[in-house]
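Close look at the chain arrangement
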Amino acid sequence: MAEPSVKDVKRWRRYLADERAEAAVYRDLAGRRTGEEREILLALAEAEGRHEQHWRTVLGDRVGMPLRGSARTRLLGLLARRFGSVFVLALAQRAESRSPYTPESGATDAMIADEQIHAEVVRGLAARGRNRLSGNFRAAVFGANDGLVSNLALVLGISGSGVSNHIILVTGLAGLLSGALSMGAGEYVSVRSQRELLEASSPAGSAREAVQHLDVDTNELALVYRARGMSAEEAETKAAGVLAHMTSDDAMGSEVITHESVGTGIGAASASFCFFASGAVIPVLPYLAGLEGVAALVVAAVLVGIALIGTGLVVGLLSGGPPVKRALRQLAIGYGAAAATYLLGSLFGGGA
C-alpha cells in the first residue's frame, strides 16, 4: 500500500473520531431502551467499534492524540444523553444515509456495506418511534399548523377590510374557539371510526383458539388465507405449515392489526383541540397586547412565521426528510394563505 499523504492521515483520523463518537451515541441510546431495541442499538455500537479499530490499524503509529467527533456527531451525542428520543434516531438516520466511505480508498467494501445497512436499521428503529408518536402526535402537529395558518389568514383578512382593532380581536378569538372545537370533534370521529374499522378487520379470539382443533385433512384454515388475498396454492401451503406446528399464534398473530399508530379518540381530540388553540392564539397575541394597525399585523406575521418554521423542522426531523426544506415549505404555505386573505379583505373592505 502506498504511503498515505498528510491529507489522507488527517481524513482518516477524522473518521476514527467520528466512529468512536457514533458508537457512544448508540450506547447512550441503548441505555434508554429495553429488549430488542436495546440489543439492536448495542449491535450498532459494536459495529462502529469495528470500524474504529479499522482506522486505528490503517493509521498505525499516525493515530496521534484523540480528536473530537464532528459537530454533527457531537450534537447527536448530546441529544442522545439528554433525550434519547425518536428525534435523535431521525437525525442518526440522515447521518447514516450520508456515508463518507463510498469514494474512500482506505475503507473496505464491508465497511461501506455496513454503513448502508446501518441506515436501514436506524430507519427501522426511527419508524418504530414514529409509529408510537404518529397517532396523537400527528393530531398535535397538524392541529398547531392549522391553528397558525387559519387564524393568521382570518385575522389578516379581517384587518385588510379596515375594521376596528376590537372587531379583529373578537374575530380572532372566535376563530380560535370554533376552529379548536371543530378540529377536536373531527379528530375524535376520525380516530374512533378508524379504530372500529381495524377492530372489525382483526381476527376474532375464538378463531385463534379454534386452530388447534381443525381437521388437518379438510384444512379450513386455508380459506382464511384465501379470503385475505392469497392464491389457493399459497393458502394451502401456509395453512399446512401452521397446522403441522399447531401454533394458533402463528396462524392468526401475523395478521393482527394493532392500534398503536392510530391513537385514541379522546387523546387525539384533546391533542388536536389544545394544539390548534395554541397555534391559533399566536396571531391574536399582538392584539391582546394592545397593538394596532400595521404594527400588529407585522408582529403577528413574524410570530406565526417563527412557529411555522418550528413545526416544519419537527415534521422534517420525524419524517427523516430535510428539515430546513420542510420548514421553508410550511412558511411559504402559511404566508401564501395569509397574503391571499389579506388581499381579499382589502378588496371587499375597499368596496364596502
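Residues numbered from 1 in each chain as written. Predicted model: local features only at pLDDT ≥ 70, side-chain atom pairs only at ≥ 80, totals over all residues. Heavy atoms only, no water.

Remarks on the overall build of the protein chain
Secondary structure summary: the protein chain contains 14 helices and zero strands in total. Starting at the N terminus and ending at the C terminus, the protein chain contains elements arranged as α-α-α-α-α-α-α-α-α-α-α-α-α-α. Each of the 352 residues in the protein chain was classed as buried or not, and the buried ones make up 40%. Pairs at least 24 residues apart make up 77% of the contacts formed inside the protein chain by residues separated by at least 6 positions. Total accessible area on the protein chain is roughly 18500 Å²; 62% of this is exposed by carbon and sulfur atoms. (Helix = DSSP H or I, 4+ residues; strand = E, 2+ residues; numbered from the N terminus. Buried < 20%, exposed > 50% of the residue type's maximum accessible area, 1.4 Å probe, protein only. Contact = heavy atoms within 4.5 Å. Areas by Shrake-Rupley, 256 points an atom, 1.4 Å probe, with all protein chains shown as cover.)

Looking at a nonpolar patch on the surface
Taken together, Leu173, Leu285, Leu288, Leu291, Val299 and Leu303 make up a surface patch of nonpolar side chains, about 430 Å² in accessible area. Broken down by secondary-structure element, the contributors of at least two residues to the nonpolar patch are helix H12 (285-288) and helix H13 (293-319). Mapped onto the elements, Leu288 comes out in helix H12. (Patch = residues over 30% accessible without salt bridge, like charges linked within 9 Å, V, L, I, M, F, W, Y side chains within 5 Å. Salt bridge = Lys/Arg side-chain N within 4 Å of Asp/Glu carboxyl O.)

Considerations on the pattern of salt bridges
Inspection of the entire model under this criterion finds three salt bridges. Residues Glu52 and Arg20 are paired through a salt bridge, measuring 3.7 Å at the closest nitrogen-oxygen approach. Of this pair, Glu52 sits in helix H2 (residues 35-59) while Arg20 sits in helix H1 (residues 6-30), and the two are 32 residues apart along the sequence. In this structure, a network of salt bridges that share partners links the residues Arg20, Glu52 and Arg56.

So, the confidence of the model for the protein chain
When the pLDDT values of the protein chain are averaged, the result is 76; 71% of them are 70 or greater. Ranking the helices and strands of the protein chain by mean pLDDT puts H12 first, with 92, and helix H10 (residues 248-252) last, with 45. Between residues 203-208, whose pLDDT stays under 50, and residues either more than four places distant or in other chains, the model counts 10 contacts. Within the model, the stretch residues 247-261 combines pLDDT values under 50 with 37 contacts to residues more than four positions away or in other chains. (pLDDT = per-residue confidence, 0-100.)

A short note on the packing of H1 against H2
The packing of two helices is summarised by the inter-axis angle and the distance between the axes. With their axes 8 Å apart at the nearest point, H1 and H2 run at an angle of 160° to one another. Classified by the interaxial angle, the pair formed by H1 and H2 is roughly antiparallel. As for the relative orientation of H1 and H2, their crossing is left-handed in sense. Its residues assigned to classes, the contact of H1 with H2 shows 15 nonpolar, two polar and nine charged. (Axes fitted to C-alpha atoms, helices over the stretch in contact; angles between N-to-C directions. Parallel < 35°, antiparallel > 145°, perpendicular 65-115°, else oblique. Left-handed = near helix turned anticlockwise from the far one by under 90°. Nonpolar A, V, L, I, M, F, W, Y, C, P; charged D, E, K, R; others polar.)

Brief notes about the side chain of Glu48
Turning to its location among the elements, Glu48 is positioned in helix H2. Buried charged residue Glu48 carries no salt bridge. Nearest counter-charge: Arg50, at 8.7 Å. Within polar-contact distance, the side chain of Glu48 engages the side chain of His118 at 3.3 Å. (Lys, Arg positive; Asp, Glu negative; His and termini not counted. Polar contact = N/O pair within 3.5 Å; in protein donor to acceptor, adjacent residues only side chain to side chain.)

Side note on the nonpolar core
One finds Leu148, Leu152, Val155, Leu156, Tyr287, Val304 and Leu308 to be the most contacted residues of the largest nonpolar core, which totals 16 residues. Those elements that provide at least two residues to this core are helix H5 (109-160), helix H6 (165-201) and H13. Not counting residues within four places of it along the chain, the set of residues in contact with Leu308 comprises Asn145, Leu148, Val149, Ala327, Gln330, Leu331 and Gly334. Ranked by size, the runner-up nonpolar core spans 13 residues in total, among them Val25, Leu44, Ala92 and Leu125. (Core = buried A, V, L, I, M, F, W, Y, C linked by side-chain atoms within 4.5 Å.)

As for the packing of aromatic side chains
Counted according to the given criterion, the structure contains two aromatic pairs. Relative to Trp55, the ring of Tyr15 lies with its centre 5.1 Å away and its plane at 40°, an arrangement referred to as tilted. Of the two residues, Tyr15 is situated in helix H1 and Trp55 in helix H2; the sequence distance between them amounts to 40 residues. Take Tyr15 and Trp55: they sit in the same class, and that class is buried. Connected via pairs of aromatic rings, a cluster forms that spans Trp12, Tyr15 and Trp55. (Phe/Tyr/Trp six-rings, centres within 6.5 Å; stacked < 30°, edge-to-face > 60°.)

Things to note about the environment of Val58
For Val58, the location among the structural elements is in helix H2. Taking C-alpha positions, Val58 is 9.2 Å from Val9, a pair spaced 49 residues apart along the chain. Among all residues touching Val58, those that are not within four sequence positions of it are Trp12 and Gly106.

A word on the environment of His54
With respect to the element layout, His54 can be found in helix H2. Residue contacts for His54: discarding those within four places in its chain leaves Gly106, Ala107, Thr108 and Met111.

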